[in-house]
Amino acid sequence: MDTKQKITPIKDIGEFALIKRLLKKFSKKNPNTIKSWGDDAAIIDFKNKQTVISTDLLVEGIHFDRNYTPLKHLGYKSVIINLSDIYAMNAKPTQIVVSIAVSATYSVEALEELYEGIYLACEKYQVDLVGGDTSSSHSGMTISITAIGEVEKEEVVYRNGAKENDLICVSGDLGAAYMGLQVLLRENEVFKTNPNLQPKLEGYDYILERQLKPEARKDIVDLLKRAKIKPTAMIDISDGLSSEILHICEQSKVGCLIYEEKLPIAKETQDIGKEFNLAPSIPALNGGEDYELLFTVPLKYAEEIQRYPEISIVGHIVKKEKGNHLVSNDNKLFPLEAQGWQATNA
Ligand code: ADP
Ligand code: MG
């Protein structure tokens, strides 16, 4: 998918020239970045704020498949998934470090594509790339990104603060990224049996974008701050709503009731669900990679939260003894299970 005219082998230009070439467009955005890349280590000054750190590893063949992942999208997404974790702490990401291991099948131009995606994410979310490491690899590519951020001590939101009667809220909509992946996998299979067939991707724009170019919900963190609503617990949805709400419930020592009819599911996701013979609540509950925020707020905010179209109330917190359940559209009670998302696209 990455069409390249020029192909420069990485070994032709050397590691430091490569890094310089990849990073030449990046500019400093945060005054707390005291020393960026170029020395033995970066320096950040957080003054009296708390420092928030999260890291993720993406391995070719496990987390992404080069056949249907454009490198620019891969770069963008690999930053986003890290920023999403920082926002889920109710914090502000300010820096990232990026480490890559690449085999000789990747050219300098291919890495420029990857870094173009990383650059776009840094611009959009105003974070500084302050360092990393580069290595060769025997097979494929591995990307490890660490995001660093800051937060006032009293603003931090953990997974463990949900209380009985709190409302369970979700940003955006769920299940689209999973359905996007199913379309990509289907077309990849068709391509493998007949490389002359063009992939049929028209009409699937929304779900493909959700899979290939997700966003982190900075806007929701900002909105809640403006509304002076501090969630009691929060987590980002990388493994499906079921698995994430169970994390909150376990750490908060509470139970939950989720209503199937309240799940936010885009029209596109519902339509594709029919094509794949899948009830749309299945990917919404158990699909992966939505990168929406799941959070709980005290009941007194019900009216205020309902004013925001980008937030849905999907249920409420109950006593631990009542367990964790889904109320289906036909009003039956099902125990919620952490089917989660297997990080194996292969
Ligand atoms: P060292 O020998 O100390 O590991 P390197 O030569 O690997 O230093 O890196 C030089 C500088 O470039 C460092 O500031 C490092 O953080 C940065 N850097 C190295 N690889 C990358 C990369 N893939 N992306 C961003 N910055 C990088
Ligand atoms: Mg190094």
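Bear in mind that the values here come from a model prediction, so they are computed numbers and not experimental data.

Caption draft 1: Spatial organisation of the overall build of the chain. Of regular secondary structure, the chain possesses ten helices and 13 strands. The C-alpha radius of gyration of the chain comes to 21 Å, within 12% of the 20 Å expected for a compact globule of 346 residues. Seen along its three principal axes, the alpha-carbon backbone of the chain occupies a region of about 65 × 60 × 30 Å. Counting across all 346 residues of the chain, residues that qualify as buried make up 52%. Residue pairs in contact within the chain that sit at least 24 positions apart in sequence constitute 86% of those at least 6 positions apart. Counting only carbon and sulfur atoms, one obtains 51% of the accessible surface of the chain, whose full area is about 16,900 Å².

Caption draft 2: A look at the pattern of salt bridges. Summed over the entire model, instances satisfying the criterion amount to 22 salt bridges. Two residues, Arg-186 and Glu-275, come together in a salt bridge whose shortest N-O distance is 3.0 Å. With Arg-186 in helix α4 (residues 176-193) and Glu-275 in helix α8 (residues 267-275), this pair connects stretches of sequence that are 89 residues apart. By relative accessible area, which is 28% here, Arg-186 ends up partly exposed. Ionic pairing is found between Lys-218 and Asp-222, a salt bridge with its closest N-O pair at 2.8 Å. Here the residue Lys-218 and the residue Asp-222 both occupy positions in helix α6 (residues 218-226), the gap between them amounting to four residues, near one helical turn.

Caption draft 3: Local environment of the pairing of strand β11 (residues 311-318). Counting buried positions along β11 yields seven of eight residues, so the element is predominantly enclosed. Of the strand pairs in this sheet, strand β7 (residues 167-171) and β11 are connected by five bridges, and their pairing is antiparallel. Bridging from a neighbouring strand, Leu-167 pairs with His-316 of β11. Where strand β9 (residues 255-259) and β11 come together, four bridges link them in antiparallel fashion. Counterpart to Cys-256 in the pairing with β11 is Ile-317.

Caption draft 4: Molecular detail of the packing of α4 against helix α5 (residues 205-212). At a minimum axis distance of 7 Å, the contact between α4 and α5 shows a crossing angle of 100 degrees. Viewed along their axes, α4 and α5 adopt a mutual orientation that is roughly perpendicular. Packed against α4, whose contacting residues are Ala-176, Ala-177, Met-179, Gly-180, Leu-181, Val-183 and Leu-184, the element α5 presents Tyr-206, Ile-207, Leu-208, Arg-210, Gln-211 and Leu-212 at the interface.

What counts and how
The numbering scheme is per chain: residues are counted from 1 as the chain's sequence reads. Throughout, the order in which chains and ligands are written sets their labels, letters from A for the former and numbers from 1 for the latter. Side-chain atom pairs in this predicted model are given and counted only at pLDDT of 80 or more, local residue features only at pLDDT of at least 70, and totals for whole chains, interfaces and linings cover all residues. Heavy atoms from the whole structure form the basis of all side-chain values; hydrogens and water molecules are not counted. Elements are defined by DSSP. Helices are runs of H or I of four residues or more, strands are runs of E of two residues or more, and each kind is numbered from the N terminus. Every radius of gyration here is taken over C-alpha atoms, with the globule rule written as 2.2 Å times N^0.38, N being the number of residues. Each residue's exposure class comes from its accessible area (1.4 Å probe, protein chains only) as a fraction of the maximum for that residue type: buried when under 20%, exposed when over 50%, partly exposed otherwise. What makes two residues a contact is simply this: any of their non-hydrogen atoms within 4.5 Å. Shrake-Rupley sampling with a 1.4 Å probe provides the accessible areas, and residues are treated as covered by the protein chains on show and by no other component. When a carboxyl oxygen of Asp or Glu is within 4 Å of a side-chain nitrogen of Lys or Arg, the pair counts as a salt bridge. Paired strands, in this sense, are two strands between which DSSP finds at least two bridges. Angles shown run from 0 to 180 degrees and are taken between the N-to-C directions of axes, each axis being a line fitted to C-alpha atoms and, for helices, limited to the stretch in contact. Comment on the angle field: the value is read as roughly parallel under 35 degrees, roughly antiparallel over 145, roughly perpendicular from 65 to 115, and oblique elsewhere.

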